[in-house]
Amino acid sequence: MDLAYIPSPSTGVIHLGPIPLRGYAFCIIIGVFVAVWYGNKRWIARGGTAGTVADIAVWAVPFGLVGGRLYHVITDYQLYFSEGENWVDAFKIWEGGLGIWGAIALGAVGAWIGCRRRGIPLPAYADAIAPGIALAQAIGRWGNWFNQELYGRPTDLPWALKITEGANREAGTYHPTFLYESLWCVGVALLVVWADRRFKLGHGRAFALYVAAYCAGRGWIEYMRVDEAHHVLGLRLNVWTAIVVFVLAVVYIVVSSRLRPGREEIVEPKAEKKAETSEKAGDAEEAGEPDASAGTGSDPDAVDLGKDDKDVEHGAGKS
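Residues numbered from 1 in each chain as written. Predicted model: local features only at pLDDT ≥ 70, side-chain atom pairs only at ≥ 80, totals over all residues. Heavy atoms only, no water.

**Student:** Go over empty space enclosed by the protein, please, and point to the residues and values.
**Tutor:** One pass over the structure, following the stated rule, counts one cavity of 30 Å³ or more. Lining of the largest cavity is provided by Arg141, Leu150, Thr177, Phe178, Glu181, Ile221 and Arg225. Per-element tally for the lining of the largest cavity: the top contributor is helix α7 (residues 177–199), with three residues. Here the lining of the largest cavity is composed, by residue class, of three nonpolar, one polar and three charged. (1 Å grid on protein atoms, 1.4 Å probe; cavity = no way out; pocket = protein on both sides within 12 Å on 5 of 7 lines; lining within 4 Å. Points joined across faces, edges and corners; volume = space filled by probe spheres on them. Helix = DSSP H or I, 4+ residues; strand = E, 2+ residues; numbered from the N terminus. Nonpolar A, V, L, I, M, F, W, Y, C, P; charged D, E, K, R; others polar.)

**Student:** Help me get a handle on the nonpolar core, residues and values and all.
**Tutor:** Counting 38 residues, the largest nonpolar core has Trp43, Trp101, Tyr125, Val192, Phe207 and Tyr210 as the members making the most contacts within it. At the level of secondary structure, the elements contributing two or more residues to this core comprise α2 (52–75), α4 (100–118), α5 (122–140), α7, α8 (205–224) and α9 (237–259). The contacts of phenylalanine 207, once residues within four sequence positions are left out, are Ile104, Ala126, Asp127, Ala130 and Ile133. Among the nonpolar cores identified, the runner-up in size contains seven residues, and Tyr151, Leu161, Ile163 and Leu179 belong to it. (Core = buried A, V, L, I, M, F, W, Y, C linked by side-chain atoms within 4.5 Å. Buried < 20%, exposed > 50% of the residue type's maximum accessible area, 1.4 Å probe, protein only. Contact = heavy atoms within 4.5 Å.)

**Student:** Which residues make up the layout of surface pockets, and what values go with them?
**Tutor:** The gaps left among the atoms become clear once a water-sized probe is rolled over them. Roughly 220 Å³ of volume is contained in the second largest pocket. Along its surface, the second largest pocket is lined by Tyr38, Lys41, Arg42, Ala45, Arg46, Val193, Asp196, Arg197, Lys200 and Arg263. At the level of elements, α1 (23–45) and α7 are the ones that each hand at least two residues to the lining of the second largest pocket. Broken down by element, the lining of the second largest pocket gets its largest block of residues, four residues, from α1. In the lining of the second largest pocket, the residues fall into three nonpolar, no polar and seven charged.

**Student:** Residue-level account of the pattern of salt bridges, with values.
**Tutor:** Evaluated as defined, the whole model comprises 10 salt bridges. A salt bridge links arginine 141 to glutamate 181, with the shortest nitrogen-to-oxygen separation between them at 3.1 Å. Residue arginine 141 is found in the loop between α5 and α6 (142–147), and its partner glutamate 181 is found in helix α7; the two are separated by 40 residues along the sequence. We note that arginine 141, like glutamate 181, is buried. Here glutamate 181 ties to arginine 218 by a salt bridge, and the two come within 3.9 Å at their closest N and O atoms. With glutamate 181 in helix α7 and arginine 218 in helix α8, this residue pair connects regions lying 37 residues apart in the sequence. Assigned by exposure class, glutamate 181 and arginine 218 land together as buried. (Salt bridge = Lys/Arg side-chain N within 4 Å of Asp/Glu carboxyl O.)

In structure tokens:
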């Protein structure tokens, strides 16, 4: 008899009349808002303007959702295109199934488009939003809890996750790998924030640190999962992906720190130009410089008055 366990929701959707409210979708949406909110705070602290992160997210988020879904469908194609399956289910993103690898990859393309339109360096933007992305993942993983998916091996630990009988799953208590990854992502966010403050990371190195740290955790968490997945040389495909991406991220940190040490001084040229204009105006005001229009004859009344006085003095204007 299990004395303690984490219960699973009896359903992942609540119907508000004809409108379905899905827990998975709510977790994704809340995660996006947190990432944009915290990314905006970090961007302003780096010298950028408020609203820039949200403007670029308009490009990055849709691209990321499409990329995440594509990665899931391609790597788990048998769930949608094998005999007896309905390929239309590949479009039902609300039922779960987003691959973070595809989300980050294609999301970066969307962010690059948004940054290019505003004349902003993508690495600086990526550094600003990196901890927010980790927090978004931490929140998003709870969507798997609502859908009773992505759990680990059977266990009787006090924090075991209770799974009910359902399609493609057996009732029992399992390792809550969704919770492990959620907590790991919170730790990754804290690590990036600390390292960024301590070492003044720039030129994309804060983002690379987030990627490397996430992959380190994803590797062992993925190894615990028991859901169906493709294997290569005895390891799950996502484990190999985590290893390869981890190595690439570490190499980037090392090479980048040698080629481009330090941090960008200007992250948003438009914000810098605006600040310089305001500073010059303030300096001129403090120095007591007159307004450009003052005393230059721009006041028509003053001109006419001066002219009339002069004409009278020379006897002009007599009838």
